[in-house]
Amino acid sequence: MTATDHRTTPPQQATPRPSKPPREDDPRNPNKRLAALYDADSLELISADGDSGMLAAIGMIDGVRTVAFCSDATVMGGAMGDEGCSVVVAAYERAMADRLPIVGLWHSGGARLAEGVLSLDAVGKIFHAMTLASGKVPQISVVLGPAAGGAAYGPALTDVVILGPEGRIFVTGPDVVRSVTGEDVDMLRLGGPEPHGRRSGVVHVLADSEEHALGEARRLVALLGDQGRLDVTAVEDVDLAEQLPESVRRAYDVHPLVTELLDAGSALELHPRWAPNIVTTLGRFGGRSVGVIANNPLRLGGCLDSTSAEKAARFVRMCDTFGVPLLVVVDVPGYLPGVGQEWDGVVRRGAKLLHAFSEASVPRVTLVTRKSYGGAYIAMNSRALGATRVFAWPGAQIAVMGAVAAVRILHRRKLASVDPDLRPTVEAELAEEHETIAGGVEKAVEIGVVDEVVEPAKTRSALAAALADADHGIRGQHGNIPL
Amino acid sequence: MAHEVNAELVANVWKVVASVGDRVAADDALVILESMKMEIPVLAEVVGVVTEVSVTEGQVVTEGDRIAVIEPD
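A brief structural summary. (Residues numbered from 1 in each chain as written. Chains lettered and ligands numbered in written order. Predicted model: local features only at pLDDT ≥ 70, side-chain atom pairs only at ≥ 80, totals over all residues. Heavy atoms only, no water.)

What follows covers the interface of chain A and chain B. Listed by partner, the interface residues are 18 residues for chain A and 11 residues for chain B. Taking both partners together, chain A and chain B bury about 1,400 Å²; carbon and sulfur atoms supply 59% of that area. Counting the surface chain A buries against chain B, the share from its top three residues, A:Arg249, A:Arg250 and A:Leu300, is 43%. On the surface where chain A and chain B come into contact, there are 4 salt bridges. (Contact = heavy atoms within 4.5 Å. Buried area = accessible area lost by both parts, 1.4 Å probe. Salt bridge = Lys/Arg side-chain N within 4 Å of Asp/Glu carboxyl O.)

Moving on, we come to the packing of helix H1 (residues 30-37) of chain A against helix H8 (residues 210-225) of chain A. Each pair of packed helices gets described by two things: the angle between the helix axes and the distance between those axes. Residue and element names in this part refer to chain A. For the pair H1 and H8, the least separation of the axes is 9 Å and the interaxial angle reads 50°. One finds that H1 runs oblique with respect to H8. Side by side, H1 and H8 meet where Arg33, Ala36 and Leu37 of the first sit next to Glu210, Leu214, Ala217 and Arg218 of the second. Here the contact of H1 with H8 is composed, by residue class, of 4 nonpolar, no polar and 3 charged. (Axes fitted to C-alpha atoms, helices over the stretch in contact; angles between N-to-C directions. Helix = DSSP H or I, 4+ residues; strand = E, 2+ residues; numbered from the N terminus. Parallel < 35°, antiparallel > 145°, perpendicular 65-115°, else oblique. Nonpolar A, V, L, I, M, F, W, Y, C, P; charged D, E, K, R; others polar.)

Glancing now at the sheet that holds strand S1 (residues 3-6) of chain B. Two modes of strand pairing occur in sheets, parallel and antiparallel, and in both the strands are linked by backbone hydrogen bonds. All names here are of chain B. Pairing in this open sheet of 4 strands is antiparallel, and the strands run S1-S8-S6-S3 from one edge to the other. The open sheet has two edge strands with one neighbour each: S1 and strand S3 (23-24). In this sheet, strand S8 (residues 66-72) lies alongside strand S6 (residues 48-53) in antiparallel orientation, the contact comprising 5 bridges. When the bridges of S8 are listed, Val50 appears paired with Ile70. (Pairing = 2+ DSSP bridges.)

A word on a negative patch on the surface. Side chains of A:Asp239, A:Glu242, A:Glu260 and A:Glu455 sit close together on the surface and give a patch of like negative charge. Turning to its location among the elements, A:Glu242 is positioned in the loop between H8 and helix H9 (255-261). (Patch = residues over 30% accessible without salt bridge, like charges linked within 9 Å, V, L, I, M, F, W, Y side chains within 5 Å. Areas by Shrake-Rupley, 256 points an atom, 1.4 Å probe, with all protein chains shown as cover. Lys, Arg positive; Asp, Glu negative; His and termini not counted. Charge placed at Lys NZ, Arg CZ, Asp CG, Glu CD.)

What follows covers helix H2 (residues 82-98) of chain A. Residue and element names in this part refer to chain A. Look at H2: 25 Å from first C-alpha to last across 17 residues, which is about the 24 Å you get at 1.5 Å a residue. Among all positions of H2, only Gly84, Cys85, Val87, Val88, Val89, Ala91, Tyr92 and Ala95 are buried. Those residues of H2 that are buried lie in contact with strand S3 (54-61), strand S4 (64-71), strand S5 (102-108), helix H3 (117-133) and strand S7 (139-148). Where H2 terminates, the next one or two residues include Arg99, which has phi positive at roughly 50°. (Expected span 1.5 Å × (residues − 1). Buried < 20%, exposed > 50% of the residue type's maximum accessible area, 1.4 Å probe, protein only.)

See the structure below:
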């Protein structure tokens, strides 16, 4: 575990350091950071403003009473000792007792070296408190500076991690990496916005300024802490088909469709750049907080793969445990085939999504826009997994696989005996016949896996009615393990 | 530094859209791949000038293969 080095240099060797700004003027001052998080004049400290390296407060965020704590990076770079960790644990006790959301602002080199194993034990107690609170109160982390070792795993245990432009997250810093492995890497490449936003999935939301980071934390507190009631009369219909290309073969970006589906200006996407073939977005629908899960055909054709299944599974479980209903927008050609996927554990990791949807007790409504094939059909909140209601647009295809691929298997012998020049024509005929038997939306309605075919221009109101019918305030009784 | 655009998945190169010397924006399609019975555009990702198109129509690419190189502004 990385620790901040705060050994003093003998005075005779010391090079004159630029004089430190007084704490009041230091942008790292936790009083300032907490004040910027809360509604004006609502902050009340619940810990001593001393040199523990942590400061905790309670106050209002967009009208939601919220507990927060902040690293004090003006003291030993925010390193965490026994006293500072106790501040965080006490903040968690308060949040749990009053069932309030809790926000952590992080800027810390990790455990205090001088305190030895005492500081490790203290950091461990934070992890324990976070885990006990998991799924009971929303936990949001904002990483504003380096967060190393224990300060990295703290945010990682919470529901949503926001990274500011100066935020860096890693278990061991560049110096340790260099001395152990010889790899030369800086903090930005090791644990900055690019690696954590795109590659690791550690960070859910990237912010381009500290103010923006705190603003996104406030939006999340409001979405999870004040979910509102679904007002079906506030949900106006728009023609959602306009967001899809004419050709059913054409890939497209699903974001505009998700934005149109939700109330204007309410969408907050989590993990936008990691596993971009599935979109996970929180927002409001008829004024009520909802979670949207949508395949994105623009990336990997919208296929499910191991990473996207894991991303979606965690999102589903988070929404379920906080009682946030789900809208599932399906346009999926299947699971991504290939050696890489199998070796990457697509079976194990894909199973997480099956598990997450199956156990979810919040209302969860599915909309198939174009197609839903194979194992991915099942995984995308199908009737069999307990979907509240399944809608499909006219012409949607629901099948084990595309019709041409299916007839090539089903009629392999027959096709092999046909003159190669005639084969495409025969294939097309067989595919058409197969579609009417096995793949059309009418068949799916007939056997009960689709409840209703709905016009794109009437979809918003249909989804609202289905959600409102099933919204009885039930939520999942489980934690939100960082899958 | 030149920006390399790579294939995200195994696919046939269905159509090459961009040519060397073209100016492209981040959301412009360079080539259109065909995979999973869909036409999937490969986007430029950066603003700049195309300095290399590494594939031809009908070619099969696998994950990670170079599609094109762009010299960003």
